[in-house]
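Read off the chains here:
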Amino acid sequence: MTVNLEVAEGIGTLRLDRPPMNALDVATQDRLKELAEEATRREDVRAVVIYGGEKVFAAGADIKEMQAMDHTAMILRARALQDSFTAVARIPKPVVAAVTGYALGGGCELALCADYRIAGENAKLGQPEILLGLIPGAGGTQRLARLVGPSKAKDLIFTGRQVKADEALALGLVDRVVPAAEVYEAAHTWAAKLAQGPAIALRAAKESIDTGLETDIETGLAVERNWFAGLFATEDRERGMRSFVEEGPGKAKFL
């Protein structure tokens, strides 16, 4: 399989495995969607790491496969392409991308679907589609602009240039940079901490933030308000408040 879901101790690792560069062909896109939906359903998955291996995250789409597609074929495929990435973005659990080496085109767009991005010092990110006479088609024009702002997104998309890890950090494209050999461990540690947290509250926080970014503030506030009130019906809320009163802050156990 070109993508695998490995689950252990509450953490699901979505591992890209299509050597040598993890090119995201149609089969890989479809498999990614299938496993993202599985991670969403599985109660034993409480946080997710997206990882491409020690050398490369994903160098982008399979250009040879795309070259053979005409206008009609891409009209039929474009929605499925976006849907595969949206399935990752909609996983209602904390998701971290562990980025080593190249994360270009679709690889960068996949990293954008995560809630948090940890990059190795050897990482290079970018949206080079313009160099092919194209634009990003898996969410890059939307998610990148929301993450780093429109002018920075336009610079990256208009020029197609690649940025190294330090510039990606300065732009806000990644959230943390570590030595390349420590990327997966750092991402796993981030995920493991949140896997111990209150699952429904984390889901509520993610949905409230993401919905708010996609709509007006009144709608966003309504989503927040409904989730906030609804959490008062959960055992985690009872456990968290009881622990705070009896033991002080930050000591609640949610598993």
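Conventions and cut-offs
- Residues numbered from 1 in each chain as written.
- Predicted model: local features only at pLDDT ≥ 70, side-chain atom pairs only at ≥ 80, totals over all residues.
- Heavy atoms only, no water.
- Salt bridge = Lys/Arg side-chain N within 4 Å of Asp/Glu carboxyl O.
- Helix = DSSP H or I, 4+ residues; strand = E, 2+ residues; numbered from the N terminus.
- Buried < 20%, exposed > 50% of the residue type's maximum accessible area, 1.4 Å probe, protein only.
- Pairing = 2+ DSSP bridges.
- Axes fitted to C-alpha atoms, helices over the stretch in contact; angles between N-to-C directions.
- 1 Å grid on protein atoms, 1.4 Å probe; cavity = no way out; pocket = protein on both sides within 12 Å on 5 of 7 lines; lining within 4 Å.
- Points joined across faces, edges and corners; volume = space filled by probe spheres on them.
- Nonpolar A, V, L, I, M, F, W, Y, C, P; charged D, E, K, R; others polar.
- Core = buried A, V, L, I, M, F, W, Y, C linked by side-chain atoms within 4.5 Å.
- Parallel < 35°, antiparallel > 145°, perpendicular 65-115°, else oblique.
- Contact = heavy atoms within 4.5 Å.
- Polar contact = N/O pair within 3.5 Å; in protein donor to acceptor, adjacent residues only side chain to side chain.

Caption draft 1: Molecular detail of the pattern of salt bridges. Here the structure, examined in full by the defined rule, presents 14 salt bridges. In this structure, Arg117 and Asp175 form a salt bridge, with 3.9 Å as the shortest nitrogen-oxygen distance. Placement of Arg117 in strand β6 (residues 116-120) and of Asp175 in the loop between α7 (165-171) and β9 (176-178) is noted, with a sequence separation of 58 residues between them. Residue classification places Asp175 among the partly exposed residues on the basis of a relative accessible area of 32%. Of the charged contacts in the structure, one is a salt bridge between Glu167 and Arg161, with a shortest N-O distance of 2.7 Å. For Arg161, a relative accessible area of 27% translates into the label partly exposed.

Caption draft 2: Highlighting the sheet that holds strand β8 (residues 162-164). In space, the 3 strands of this open sheet follow the order β5-β7-β8, with mixed pairing throughout. Of all the strands in the sheet, just β5 (102-104) and β8 have a single pairing partner and so form its edges. For this sheet, the mean angle separating the axes of adjacent strands, direction not counted, is 20°. Judged from the 3 bridges that link them, β5 and strand β7 (residues 124-126) form a sheet pairing that is parallel. Considered in β7, the bridge of Ala103 is made with Leu125.

Caption draft 3: Just the pairing of strand β4 (residues 95-99), in detail. When you tally the buried positions in β4, you get 5 out of 5 residues, the bulk of the element. Neither face of β4 is left uncovered, since the one carrying Val95, Ala97 and Val99 and the one carrying Val96 and Ala98 both have all their residues buried. Where β4 and β6 come together, 4 bridges link them in parallel fashion. Residue Ala98 lies in a different strand from β6, and its bridge partner there is Ile118.

Caption draft 4: Main features of the layout of surface pockets. Quantified by volume, the largest pocket comes out at close to 1,000 Å³. Residue lining of the largest pocket: 37 residues in total, with Ala89, Arg143, Asp210, Leu213 and Glu214 positioned closest to the centre. When residues of the lining of the largest pocket are traced back to their parent elements, those giving at least two are α3 (71-89), α5 (140-148), α8 (183-195) and α9 (199-214). The greatest single-element share of the lining of the largest pocket, amounting to 10 residues, is contributed by α9. Grouping the constituent residues of the lining of the largest pocket by class yields 16 nonpolar, 8 polar and 13 charged. Approximately 480 Å³ is the volume found for the second largest pocket. Along the walls of the second largest pocket sit 29 residues, with Ala61, Met66, Leu81, Glu129 and Gly137 positioned nearest its centre. At the level of secondary structure, the elements contributing two or more residues to the lining of the second largest pocket comprise α1 (26-41), α2 (63-67), α3 and α4 (106-112). Counting residues per element, the lining of the second largest pocket draws most heavily on α3, which supplies 6 residues. When its residues are assigned to classes, the lining of the second largest pocket shows 18 nonpolar, 6 polar and 5 charged.

Caption draft 5: Layout of the nonpolar core. Membership of the largest hydrophobic core comes to 45 residues, with the highest contact counts inside it found for Phe57, Leu125 and Leu173. For this core, the element with the most residues is α3, which contributes 5 residues. With 13 residues, the next largest nonpolar core counts Ala47, Ile118, Val178 and Ala186 among its residues.

Caption draft 6: Seen up close, the packing of α9 against helix α10 (residues 217-230). Where α9 meets α10, the closest approach of the two axes is 8 Å, and the angle between their N-to-C directions is 170°. In terms of axis orientation, α9 runs roughly antiparallel to α10. Contacts between α9 and α10 involve Ile200, Arg203, Ala204, Glu207, Ser208, Thr211 and Gly212 from the former and Gly220, Val223, Glu224 and Trp227 from the latter. The residue inventory of the contact of α9 with α10, partitioned by class, reads 4 nonpolar, 4 polar and 3 charged.

Caption draft 7: Examining the side chain of Asp62 more closely. Along the chain, Asp62 turns up in the loop between β3 (47-51) and α2. Among the polar contacts made by the side chain of Asp62, one reaches the main-chain amide nitrogen of Lys64 at a distance of 3.3 Å. Side-chain polar atoms of Asp62 contact the backbone nitrogen of Glu65, separated by 3.1 Å. Excluding anything up to four places from it in sequence, Asp62 contacts Arg18, Ala23, Leu24 and Asp25.

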